[in-house]
Amino acid sequence: MARVTIDAAGMHYTPLNRRIREAVASGADEIEIVNVMGQRFIADGLRGDVTIIIHGVPGGDLGMFMSGPTCIVHGNCDHAPGNTMDGGKIVIHGSAGDAVAHSMRGGSIFVRDNIGYRGGIHMKEYRERCPVLVVGGSFRSFLGEYMAGGLILALGDPARRTGKERGIGSGIHGGRIVLRGDSLDRRCLGVGALARPLPDEGYERIAPIIREYACWFGLDPAPFLSDEYVEVVPSSARPFANKYTWE
Amino acid sequence: MTIGSVPVRFGITIDRARCMLCGRCVENCPYDVFRRDEDTIHVNSRKCVACHRCVAMCPRDAISIRQRPVDYRDHPVWTEEVREAIYNQARTGKIILAGMGNAKPYPVIFDRLVLDACQVTNPSIDPLREPMELRTYIGKKPKKLEFRYDNGDISLETTLSPNLELATPIMVGHMSYGAISLNAQKSIAMAVKETGTFMGTGEGGLHPSLYPYQDRMIVQVASGRFGVNIDYLERGAAIEIKIGQGAKPGIGGHLPGEKVCEDVSCTRMIPVGSDAISPAPHHDIYSIEDLKQLVRSLKEATSWQKPVFVKIAAVHNSAAIAAGIARSSADAVVIDGFRGGTGAAPRVFRDHVGIPVEAAVASVDAKLRSQGIRNEVSIIASGGIRESADVAKIIALGADAVYIGTAALVAMGCRVCGTCYRGLCPWGIATQRPDLVARLDPEVASKQVANLIHAWTLELSELMGAAGINSIESLRGNRDRLRGYLLDESTMRVLDVKPVGA
Ligand code: SF4
Ligand code: SF4
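All values derive from a computational prediction rather than experimental measurement. For every chain, the first residue of its written sequence is number 1, and the numbers climb from 1 along that sequence. Key to labels: chains lettered from A, ligands numbered from 1, both in the order written. It should be noted that, the model being predicted, local features are given only for residues of pLDDT at least 70 and side-chain atom pairs only at 80 or more, the latter also being counted only at that level, while totals for whole chains, interfaces and linings use all residues. By convention in this description, side-chain values take in all heavy atoms of the structure and omit both hydrogens and water.

### Remarks on the overall build of chain B
This is how the line gets drawn: A run of H or I in DSSP becomes a helix once it reaches four residues, and a run of E becomes a strand once it reaches two; helices and strands are each numbered from the N terminus. Values of the radius of gyration come from C-alpha atoms, whereas the globule rule sets the reference at 2.2 Å times the count of residues to the power 0.38. Accessibility here uses a 1.4 Å probe with only protein chains present; expressed as a share of the type maximum, an area under 20% marks a residue as buried, one over 50% as exposed, and anything in between as partly exposed. When checking whether two residues touch, look at their non-hydrogen atoms; a contact exists if any pair is within 4.5 Å. Only the protein chains shown count as cover for residues, and the accessible areas themselves come from Shrake-Rupley with a 1.4 Å probe. The positive count covers Lys and Arg only, the negative count covers Asp and Glu only, and His and the chain ends enter neither. Charge positions are represented by NZ for Lys, CZ for Arg, CG for Asp and CD for Glu.
Counting its regular elements, chain B contains 16 helices and 23 strands. Here chain B has a C-alpha radius of gyration of 24 Å; the compact-globule value for 502 residues is 23 Å, and the two agree. Seen along its three principal axes, the alpha-carbon backbone of chain B occupies a region of about 90 × 60 × 45 Å. Residues classed as buried in chain B amount to 55% of the 502 residues present. A separation threshold of at least 6 residues defines the contact pool for chain B, and within that pool the share at least 24 residues apart is 69%. Accessible surface, chain B as shown: approximately 21,400 Å² in total, 52% of it carbon and sulfur. Computed over 59 positive and 55 negative side-chain charges, the inter-centroid distance for chain B is 5 Å.

### Notes on the interface of chain A and chain B
Which entries qualify depends on this criterion: Buried area adds together the accessible area that both of two parts lose upon being put together, with accessible area traced by a 1.4 Å probe. We define a salt bridge as a contact between a side-chain nitrogen of Lys or Arg and a carboxyl oxygen of Asp or Glu at a distance within 4 Å. Think of a polar contact as two N or O atoms within 3.5 Å of one another; within protein, one of them needs to be a possible hydrogen donor and the other a possible acceptor, and neighboring residues in sequence only count if both atoms come from side chains. All residues other than Ala, Val, Leu, Ile, Met, Phe, Trp, Tyr, Cys, Pro, Asp, Glu, Lys and Arg, Gly among them, are scored as polar; the first ten of these are nonpolar and the last four charged.
With 41 residues of chain A in contact, the opposing surface of chain B contributes 50 residues. For the pair chain A and chain B, the summed buried area comes to about 4,000 Å², and 54% of that belongs to carbon and sulfur atoms. Run the count over chain A and chain B and you get 5 salt bridges. Across the salt bridge formed by E262 of chain B and R127 of chain A, the nearest N and O atoms sit 3.1 Å from each other. Across the chain A-chain B interface, the total number found is 27 residue pairs in polar contact (both at pLDDT 80 or more). If you list the elements that add at least two residues to the side of chain A that touches chain B, you get helix 1 (13-25) and strand 12 (244-246) of chain A. Considering every element that reaches the side of chain A that touches chain B, the biggest residue donor is helix 1 of chain A, with 4 residues. A breakdown of the residues in the side of chain A that touches chain B according to their chemical character gives 13 nonpolar, 14 polar and 14 charged.

### Describing the site of ligand 2
Using the following cut-off: Residues are labelled near a given molecule or strand when at least one of their non-hydrogen atoms is within 4 Å of it.
In the neighbourhood of ligand 2, the contacting residues comprise M100, C414, R415, V416, C417, G418, T419, C420, C425, W427 and A430 of chain B. Here the shell around ligand 2 is built from residues that sort into 8 nonpolar, 2 polar and 1 charged.

### Examining the site of ligand 1
Lining the immediate environment of ligand 1, one finds C19, M20, L21, C22, G23, R24, C25, I41, C58, P59 and I63 of chain B. Split by residue class, the shell around ligand 1 holds 9 nonpolar, 1 polar and 1 charged.

Here is the structure:
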């Protein structure tokens, strides 16, 4: 196993990414980056079967357009990790900013703690590619806005939701948002979204994802697995179908 | 039925003496206007959209189409269009969608600008005998060049940014697969390869059959991020971020599920039959700083090897926005004027939102020059470029190159019927119906588009030669070679041109 360590202290993101690419090209399968302090675009557009371990706080757009690698972050993330990501994995031992998993089209993101506004916005899916975003803690408004596909799993304790997480699934026209709890305050639902108890096959689908989440962060999956969930889905697959007439 | 039916828009008559009952009109009309019954052809004028396919195919010139054979009472304020829009909305209560570009009779600034030519002093140049330089580079230009001198050897120290090299300043703008057919895209791709220029993919991904032309493609990243992955970004010669579009500034796009067929689903990377909704904003752009972030993320993903363009609709404060774009690391800004075409746009946006490209380009160019950053970005003008004179005029107003859209479609047969949204384009352009798509032969259509680009390029060099200019760079921003004819003073001030005779 080829392992490369990069010290990112004081390094701009372009040379940092160049170093990462060089390491991948020379066959590294594990890259450890230390002293990351806000460098954006880490692993942007990166391909390959490589694990990148990040110590510190990466800047915006971690793993944007990424296709294949796994990024494990020991720290928090700025906005939009997994932006338009194609495949691979991002595991965040901490919290992340706004627009996590923006337009993500494949792979999975596990956030141990909280995320900001508009998480999972416009996620999509295509054939076998069905992106998954798992949030262990809280989320802010507009979770899964404009969602066109994929799965968002919000495992945070429903008792700790503030009720200010408005606009869940606003404009959703595909995919599903699964939230822990036996009900969802209707005032939190976005336009065009519908909440209902998670059907049985939904529980089957989320079980392995919950186990993976627990495994990444050394948690006990049992309380998550035994709990109840609701799902938010589109109320219609054609939210704009009735808005227009032809000239 | 209080409203009843409105008068037919187009009335068709067949000259029975000329008709030989060949049935071609019946076969060619996808709108079912014609029906054959024994020894006569019946017509249903109400279904006609004036696409002229029948007229073009009739071997006997037997068909005539008259617009508005039944007049409304003439009224300069309550026009037919206004009245019909009200009938439509009174019936449906919905937003009216319309096709093609701005249909209001606003004055066209291009038509009130005239070009210059040399007489006596400063002789004109004959492009037949003298070389004419139309080659255009799109991308950042360094402020100055640094050289290193080494024992008589000179080498360049400055690192140059990637530029696109165009043999002519005319490119074909973004029309997505989905909006137009694959055969139409292929025809354009072959034409731009042939003429040494580039085309845009639109927000629809890149179909594998266009891979052979990928080094002539500008791949688009729009708010829906459809078809965008690293493979797509790497294939393109350049990447364009679409912020806005001249035909519908400020709003997103929406490809209805029924148009997402197997093939379109594969290039857009969404399931068959699902709506493809491009939101109004990019969800990761809420400021100029965010735009910079997206520009840089695309550059970073492609190792800073590709120029990145940013396209905005021409709106009131385009100049300030363009100045922000110029500082975002983008390599070119595309200004799409309010005459830009589209498959479908809300009529109220198509006709009322945005400004003409002439004014927008002139003010963007002036603003960038005043800030000393004109070299940071190229300016590409699009939206309503109809002929080579428009190209010359917009370059003189400060553009580096143009995108044509509708003009390229017209070269393939489009009659500007404006019903692209029906998906039944009889010319095989704005449709995905296999039998209609098959009507467009890329071998033939590509030749036509290439001919058009070639012809305009020839005309452009003639116009330049007449003005004593032998390089497109000397025409760029050269407002002294333009005069305003019956243009108002304030517009001339914006354009920075003098009136005729001055
Ligand atoms: S195409 Fe012309 S000649 Fe042929 S049937 Fe139609 S009207 Fe008659
Ligand atoms: S592309 Fe086809 S449908 Fe659209 S305006 Fe042209 S002829 Fe009409």
